[in-house]
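Architecture and fold: a report
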Amino acid sequence: MKPLNSKLSAAISAIVVSAGVNAAGIPAEKPQTMDEMWKIIQAQQQQIDSMTKKLEAVAQKAPTGEVSNLERKTNVLTEEVEKLRTELVVPEKVEYKSAYGLGPAASKVYQVGKGLSLGGYGEANYQARVDDQGGRNAATGTVNNPDNTDFERLVIYAGYKFTDSILFNSEIEFEHTSTGNNGSGSTGTVSVEMASLDFFIDPLVNVRAGMVLMPMGFINQIHEPPFFFGNNRPEVERRIIPSTWRENGVGLFGELLPGLTYTTYVVNGMNAKNFGADGIRSGRQSGGQALAEDLAYVGRVDYAPPMLPGVMVGGSAYVGNSGQNQLYNGRQLEVATQLYEAHLQWKYRGLEFRTLGSWGHIGDAALLSVANAKSIGEENYGWYSEVGYDILPHFAHDTTQYLAPFVRYERMDTVATASTCANAICRDDLTRDVEIYQVGLNYKPIPNVVIKADYRNFTQKSGTSPDDFNLGVGFIF
């Protein structure tokens, strides 16, 4: 007679789970999370194994017809239990919410019971330049800032939950569709933007190691298109806080008190050889063969008061040297680099308000300016405020769609304080002193998809910048 051990075991698993009772006949509580469901199945499986031996003895003495009928039933039940186990690894329904400072799509891996998790996002846009500041060469007709379309990025999140306490998460980004020349002289990139292991020890203290996102500002960690206004990320969080900013490092994260969270890392420092009038943005090393003669420290604290739902206030700091033991005109410079920011977010019903301010300092700026042949500011700063309001609930009750007009104001200067030296390169670059007025509209037919339209007006102390109209789409999965 054919042995039935594996099929009977799987069948009993399906019966136990679907019936909501354990192997001892005691009703099982409905699991609330994937972790709880996985633990219930493991515990029940141990009880099932002991029962299987008894059932095999009964099956061996049963008539052939009953055994065939039992085999048919176990085949059906085996398929059901396999489906259940598959759902544990790749759940059909996912609740998109941020976890541990990451975006909702990037946080999917934290919801699985065990195994692989896949997610991602993408965004594409059309940009029309408004020729209000000399965007076209009058003599040749050449457009200095042409209208353009761009599938800006496609991102894949791949994570794996090894155990309840060890988890891997990663972000791979494809920018501008291709790494080859696209016909207009520009190229795209394929980059690993996050790849780290989390070791969960206690809600107070957990460890993260690998390539980590710098926990500064709103956008650097949560940059998925449905969760910020406009087609373009705020310029303050691109030029002053250089998103997407990631480095190799190790650190701690956790929740100290209800609503009070922190993240802190030791990472490789930046590379001052690439600093310029645009500030520290080009000094990011992004984890590839990164110089680590100088290290840096970054830390962040956020507080979301339980008694004030929708309110979050916090700040972060980055401190480290960027000289990397290199020679600058024959001298070694430390290039002490500091960046600080504070932020406030308030969500109330359909209202969303954000404000952020950041200030930075670059040491040895005068000597660095001469060595790099670029005007590098000793200080830089930027701030912005924005507000949007979902108006659809006033027109369609109980709708899951979203329609929010918004306004944003930004002010920044990457050469706020010019360095002083005998060389003419050390001067204030007034083209870096910029104001941006922006209005727009975000529409979400479903929470995972957004359609955006916005207009930006640029003004600066010197030189010209064209305004732009932007239309685009974004999604997460």
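If you check an unreviewed UniProt entry, the protein chain appears there as Porin from Methylomonas defluvii.

**Some remarks on the overall build of the protein chain**
Per the secondary structure count, the protein chain includes five helices and 18 strands. A separation of at least 24 residues holds for 64% of the contacts in the protein chain among residues at least 6 apart in sequence. Carbon and sulfur atoms form 58% of the exposed surface of the protein chain, whose accessible area is close to 23100 Å².

**Side note on the pattern of salt bridges**
For the structure on display, the rule yields 15 salt bridges. The residue Glu 235 makes a salt bridge to Arg 238 at a minimum N-O spacing of 2.9 Å. Using a relative accessible area of 5% as the deciding quantity, one classes Glu 235 as buried. Given the relative accessible area of 29%, Arg 238 is considered partly exposed. Connected via shared salt-bridge partners are Glu 123, Glu 152, Arg 153, Glu 173 and Glu 175.

**Points about the pairing of strand 3 (residues 166-175)**
Residues in a regular strand point their side chains to alternate faces of the sheet. Taken together, the nine bridges between strand 2 (residues 148-161) and strand 3 define a ladder with antiparallel strand orientation. Along strand 3, the bridge assignment pairs Leu 154 with Phe 174. The loop that links strand 2 with its antiparallel partner strand 3 comprises four residues. In this structure, strand 3 lies alongside strand 4 (residues 189-200), joined through 10 bridges in antiparallel fashion. Bridged to Phe 174 within strand 4 is Val 190.

**Let's talk about the packing of aromatic side chains**
The geometry of an aromatic ring pair comes down to the distance between the two centres and the angle between the two planes. For the structure on display, the rule yields 14 aromatic pairs. Relative to Tyr 348, the ring of Trp 346 lies with its centre 6.0 Å away and its plane at 20°, an arrangement referred to as stacked. The class for Trp 346 is partly exposed, based on a relative accessible area of 35%. Taking the relative accessible area as the measure of exposure, Tyr 348 reaches 44% and is therefore partly exposed. Against the face of Tyr 402 rests Lys 444, its NZ or CZ located 4.7 Å from the ring centre.

**A few points about the environment of Val 130**
One can find Val 130 in strand 1 (residues 115-130). Sequence separation between Val 130 and Asn 145 is 15 residues, and the spatial gap between their C-alpha atoms is 9.1 Å. Excluding residues within four positions of it along the chain, Val 130 makes contact with Tyr 455, Pro 466, Asp 467, Asp 468 and Phe 469.

**Topic: the environment of Ala 317**
Inspection of the secondary structure assignment puts Ala 317 in strand 9 (residues 311-321). Ala 317 sits 23 residues away from Tyr 340 along the chain, and the two C-alpha atoms are 4.5 Å apart. The residues contacting Ala 317, other than those within four sequence positions of it, are Met 216, Tyr 297, Val 298, Gly 299, Leu 339 and Tyr 340.

**A short note on the side chain of Asn 220**
Mapping Asn 220 onto the fold places it in the loop between strand 5 (206-213) and helix 4 (236-240). Only 2.7 Å separates the side chain of Asn 220 from the backbone nitrogen of Trp 245, close enough to count as a polar contact.

**Focus: the nonpolar core**
Side chains that are nonpolar tend, in soluble globular proteins, to be buried together. Counting 33 residues, the largest nonpolar core has Met 216, Trp 245, Phe 275, Tyr 318, Leu 339 and Leu 368 as its most contacted members. Listed by contribution, the elements that provide at least two residues to this core are helix 4, strand 7 (260-268), strand 8 (295-303), strand 9, strand 13 (351-362) and strand 16 (433-446). What Met 216 contacts, discounting residues up to four positions off in sequence, is Glu 237, Ile 241, Trp 245, Val 298, Arg 300, Ser 316, Ala 317, Tyr 318, Leu 339, Tyr 340 and Glu 341. The next biggest cluster of nonpolar side chains, apart from the first, holds 13 residues, and it includes Val 109, Tyr 121, Tyr 157 and Met 194.

**Regarding helix 5 (residues 365-372)**
Because an α-helix packs 3.6 residues into every turn, residues spaced three or four apart end up facing the same way. Among the residues of helix 5, those classed as buried are Ala 365, Ala 366, Leu 368, Ser 369 and Asn 372. All buried residues of helix 5 fall inside an arc of 165° around its axis, so they share one side. In this structure, the buried residues of helix 5 make contact with strand 10 (327-328), strand 13 and strand 14 (377-389). Two residues or fewer past helix 5, Ala 373 is found with a positive phi of approximately 55°.

**Some thoughts on the environment of Ser 98**
With respect to the helices and strands, the residue Ser 98 is situated in the loop between helix 3 (64-89) and strand 1. Here the alpha-carbon distance between Ser 98 and Lys 108, two residues 10 residues apart in the chain, equals 8.6 Å. With residues up to four places along the chain from it excluded, the contact list for Ser 98 reads Gly 103, Pro 104, Ser 107 and Ile 222. A polar side-chain atom of Ser 98 sits 3.1 Å from the main-chain carbonyl oxygen of Leu 102.

**Some details on the confidence of the model for the protein chain**
Here the protein chain shows a mean pLDDT of 85. Residues at 70 or above account for 77%. Predicted confidence is poor over residues 1-5, with pLDDT under 50, and the contacts of this stretch with residues over four places away or in other chains come to 12 contacts.

**Quick word on the pairing of strand 2**
Across 12 bridges, strand 1 lies against strand 2 in antiparallel orientation. Bridge pairing links Ser 117 to Gly 159 in strand 2.

**Looking at the side chain of Arg 411**
Mapped onto the secondary structure, Arg 411 falls in strand 15 (residues 402-418). Reaching out from Arg 411, the side chain makes a polar contact with the side chain of Asp 433 at a distance of 3.0 Å.

**A word on unusual backbone geometry**
Each neighbour pair has its own omega, and for Ser 243 with Thr 244 the value is -10°, a cis peptide bond. Along the chain, the position of Thr 244 falls in the loop between helix 4 and strand 6 (246-257). With phi around 60°, His 176 is a residue other than glycine that occupies positive phi space. Among the structural elements, His 176 can be located in the loop between strand 3 and strand 4.

Quick notes on the rules
Per chain, residue numbering runs from 1 following the sequence as it is written. The model is predicted, so local features are restricted to residues of pLDDT at least 70 and side-chain atom pairs to those at 80 or more, both for listing and for counting; the totals for chains, interfaces and linings are taken over all residues. Neither water nor hydrogens contribute to the side-chain values; these are computed over all heavy atoms in the structure. To qualify as a helix, a DSSP run of H or I must reach at least 4 residues; to qualify as a strand, a run of E must reach at least 2; elements of each kind are numbered from the N terminus. Here, residues are in contact when the closest pair of their heavy atoms is within 4.5 Å. A 1.4 Å probe and the Shrake-Rupley method give the accessible areas. Residues count as covered only by the protein chains that appear here. A pair is scored as a salt bridge if a Lys or Arg side-chain nitrogen falls within 4 Å of a carboxyl oxygen belonging to Asp or Glu. Classification of residues uses two cut-offs on accessible area relative to the type maximum, computed with a 1.4 Å probe and protein chains only: under 20% is buried, over 50% is exposed, and between them is partly exposed. Strand pairing is defined by DSSP finding a minimum of two bridges between the two strands. Two rings belonging to Phe, Tyr or Trp (six-membered ring only in the last case) form a pair when the distance between their centres is within 6.5 Å. Interplanar angles under 30 degrees mark stacking, angles over 60 mark edge-to-face geometry, and anything in between is tilted. For a ring to carry a charge above it, either NZ of a lysine or CZ of an arginine must fall within 6 Å of the ring centroid while also lying within 35 degrees of the normal to the ring plane. What qualifies as a polar contact is a pair of N or O atoms within 3.5 Å, subject to a donor-acceptor requirement within protein and to the restriction that residues adjacent in sequence count only when both atoms come from side chains. Side-chain atoms within 4.5 Å link the members of a nonpolar core, which is a set of buried Ala, Val, Leu, Ile, Met, Phe, Trp, Tyr and Cys residues. Arc definition: it is the arc formed by the directions from the helix axis to the C-beta atoms. Predictor confidence is given residue by residue as pLDDT, running from a minimum of 0 to a maximum of 100.

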